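Residue-level listing of the chains:
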Amino acid sequence: MKVFFNQLFDYNFYCNKKLIEECIKLDKVPEKSILLFSHILNAHNLWNARILGKPADYKVWQIHPIKNWGDIHYENQRSSFEITTNATDFEIRIDFDNEEGRLFTSTLQDILFHIINHSTHHRSQIAMNFRDNELEPLSLDYIFYKR
């Protein structure tokens, strides 16, 4: 499982890094894309914090300046690799409160997979938002990454 999740987080890191680099180059990034990518960063931070039993650094829909995305993304990645490296049981159950204060329990592997899937989902929305704003979206399919 460690190898599997490390590969997925490598892919996630690559995709987010490419998207950050592209947004830095643009004269104007669509507001919805800024909101969605900030949300990707915030949610990743929140899930890492839940796993580690620490408070999150950001609110779920907090917006970050594009110039800060790289640092936040790097720290999220570092924290996720720390989690996967130190994990001895990926089926361990993690208790956490959602944003409304309700208690939930999920396995570590389900949370880690959710982080990746959630990021992919919102990067797809960003790609659609790019097209809506006459910008060419990046090709970030996993199979292209593996090639």
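Above this text sits the structure in question.
No experiment lies behind these values; they were computed from the predicted model shown.

## So, helix H3 (residues 66-86)
The end-to-end C-alpha distance of H3, which contains 21 residues, comes to 31 Å, matching closely the 30 Å that a straight helix rising 1.5 Å per residue would cover. Within H3 the residues assigned to the buried category are Ile66, Trp69, Ile72, His73, Asn76, Gln77, Ser79, Ser80, Ile83 and Thr84. Along the axis of H3, the buried residues cluster in a sector spanning 165°; they form a single face. Looking at H3, the residues exposed on the side facing more than 90 degrees away from the buried face are Lys67, Asp71, Tyr74 and Asn86.

## Topic: the packing of aromatic side chains
Using the criterion set out here, one finds 9 aromatic pairs in the structure. Seen from their ring centres, tyrosine 14 and tyrosine 145 are 5.0 Å apart, and the 45° between their planes marks the pair as tilted. Taken together, the residues span a long stretch of sequence, with tyrosine 14 in helix H1 (residues 2-25) and tyrosine 145 in helix H5 (residues 142-146) at a distance of 131 residues. The exposure class assigned to tyrosine 145 is partly exposed, which follows from its relative accessible area of 27%. Plain terms: the ring middles of tryptophan 47 and phenylalanine 96 are 5.0 Å apart, the flat faces sit at 75° to each other, and that makes the pair edge-to-face. Residue tryptophan 47 is located in helix H2 (residues 31-52), and its partner phenylalanine 96 is located in strand S1 (residues 93-97); the two are separated by 49 residues in the primary sequence. On the basis of relative accessible area, phenylalanine 96 is assigned to the buried category, the value being 8%. An aromatic cluster is defined as three or more aromatic residues linked by ring pairs; in this entry it consists of Tyr11, Tyr14, Tyr142 and Tyr145. The ring of tryptophan 47 carries arginine 50 above its face, with NZ or CZ at 4.4 Å from the centroid.

Basis of the calculations
- Residues numbered from 1 in each chain as written.
- Predicted model: local features only at pLDDT ≥ 70, side-chain atom pairs only at ≥ 80, totals over all residues.
- Heavy atoms only, no water.
- Helix = DSSP H or I, 4+ residues; strand = E, 2+ residues; numbered from the N terminus.
- Expected span 1.5 Å × (residues − 1).
- Buried < 20%, exposed > 50% of the residue type's maximum accessible area, 1.4 Å probe, protein only.
- Arc of directions from axis to C-beta.
- Phe/Tyr/Trp six-rings, centres within 6.5 Å; stacked < 30°, edge-to-face > 60°.
- Lys NZ or Arg CZ within 6 Å of the ring centre and 35° of its normal.

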